[in-house]
Amino acid sequence: MISQALLILALSALSSATPFLAEFSRFSGSELVGRTSCGTSGPQTCHNTTAQSNLCCFEAPGGQIVQVQFWDTNPSTGPTNSWTIHGLWPDHCETLCDGTYDSNCDASRNYASITQVLQNNGKTSLLTYMNQYWVDINGDNESFWEHEWSKHGTCMSTIKPTCLPAGSTTGADAAYYFQRAVDTFQNLPTYQYLSAVGITPSTSNTYTYTTLANAIKASTQRF
Ligand SMILES: *[C@@H]1O[C@H](CO)[C@@H](O)[C@H](O)[C@H]1NC(C)=O
Ligand SMILES: *[C@@H]1O[C@H](CO)[C@@H](O)[C@H](O)[C@H]1NC(C)=O
């Protein structure tokens, strides 16, 4: 039997000082050097009070960026002192955490090999990291990544090819998606958050939802 625990961290519910949220909504991230026309003064995603027209600079309609992490137990995957990545999902803003989202938004950008795309875009160390921390429970990492990109990544308005610098390599949109998902994961070290308050994976101890949620809330403010 396959067993996994799922942890869903909704970033827009966090403090507005959270830097990766600002990077998504205002798009000042280092990944897109040369595309600085967004500036740093627009509203953050899901916090706008008027309709935003430049969706290269404002993530919509999926402005609530959700980072989902796994704890796999059977089989166990990934390092023993870290959760692993499931994905990064642009969920709808209307009702925070209602779980609705657009999916499979552009089949013309379903790439045949994410591994190839990352290599073509000079992301070999990212690829190495993903093979350790973004792993499929059945060992088919490549299919898992293709699925996450096609289902969720193609729905992100800010990384559509028309938003990328002129002359970008094919697959630069996906390379950006995977880099940002990994950066976000590294900024949300759930294992450390929980173990810092004595919550570690166990086959005998149980933890209530409230205990877990409070520990993560406290840690995201502390770290
Ligand atoms: C925020 O901007 C998006 C994209 O234009 C729009 O769909 C949404 O209605 C806006 N929200 C508000 C409250 O104006
Ligand atoms: C893919 O995932 C598995 C874990 O399921 C991992 O052991 C393996 O090293 C990963 N990489 C490759 C290239 O298979």
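Here's a quick rundown of the structure. Everything numeric in this text was worked out from a predicted model, so none of it was measured. (Residues numbered from 1 in each chain as written. Chains lettered and ligands numbered in written order. Predicted model: local features only at pLDDT ≥ 70, side-chain atom pairs only at ≥ 80, totals over all residues. Heavy atoms only, no water.)

Re the site of ligand 1
For clarity, the threshold we go by: Proximity criterion: a residue is near a molecule or strand once any of its heavy atoms comes within 4 Å of it. Nitrogen and oxygen atoms within 3.5 Å of one another constitute a polar contact, given that in protein one can donate a hydrogen and the other can accept it, and given that sequence-neighbouring residues count only through two side-chain atoms. What sets the accessible areas is the Shrake-Rupley method with a 1.4 Å probe; for residues, cover comes only from the shown protein chains. When residues are sorted by character, Ala, Val, Leu, Ile, Met, Phe, Trp, Tyr, Cys and Pro go into the nonpolar class, Asp, Glu, Lys and Arg into the charged class, and all the rest, Gly among them, into the polar class.
In the vicinity of ligand 1, the contacting residues are Asn48, Thr49, Thr50, Ala51, Gln52, Phe58 and Ala60. In this structure, an oxygen atom belonging to ligand 1 sits 2.4 Å away from a side-chain N or O atom of Asn48. One of the backbone nitrogen or oxygen atoms of Gln52 is found 2.7 Å away from an oxygen atom of ligand 1. About the coverage of ligand 1: the protein hides 52% of its 360 Å² of free accessible area. Residue composition of the shell around ligand 1, grouped by class: 3 nonpolar, 4 polar and no charged.

Here we look at the state of the cysteines
Here is the rule: When two cysteine sulfur atoms are found within 2.5 Å, that pair is recorded as a disulfide. Going along the chain from the N terminus, every DSSP run of H or I of four or more residues is numbered as a helix, and every run of E of two or more is numbered as a strand. The rule is simple: take the accessible area with a 1.4 Å probe, protein chains only, and divide by the maximum for that residue type; under 20% is buried, over 50% is exposed, in between is partly exposed.
What the rule picks out here adds up to 3 disulfides. Across a sulfur-sulfur distance of 2.0 Å, Cys105 and Cys155 are joined as a disulfide pair. Between Cys105 and Cys155, the S-S torsion sits near 95°, and that sign places the bridge as right-handed. Taken together, the positions of Cys105 in the loop between β3 (84-91) and α2 (114-120) and Cys155 in the loop between α4 (141-151) and α5 (172-187) put the pair 50 residues apart, joining distant regions of the chain. The exposure class of Cys105 is partly exposed, given its relative accessible area of 39%.

Focus: the packing of aromatic side chains
For any pair of aromatic rings, the description consists of the separation of the ring centres together with the inter-plane angle of the planes. Spelled out, the test is: Classification of ring pairs uses Phe, Tyr and Trp, with its six-membered ring standing for Trp, and accepts pairs whose centres are within 6.5 Å; under 30 degrees between planes counts as stacked, over 60 as edge-to-face, and the remaining range as tilted.
Taken as a whole, this structure holds 10 aromatic pairs when the rule is applied. Judged by centre distance (6.0 Å) and plane angle (45°), the ring pair of Trp89 and Tyr101 falls under tilted. With Trp89 in strand β3 and Tyr101 in the loop between β3 and α2, this residue pair connects regions lying 12 residues apart in the sequence. Look at Trp89 and you get buried, because its relative accessible area is 13%.

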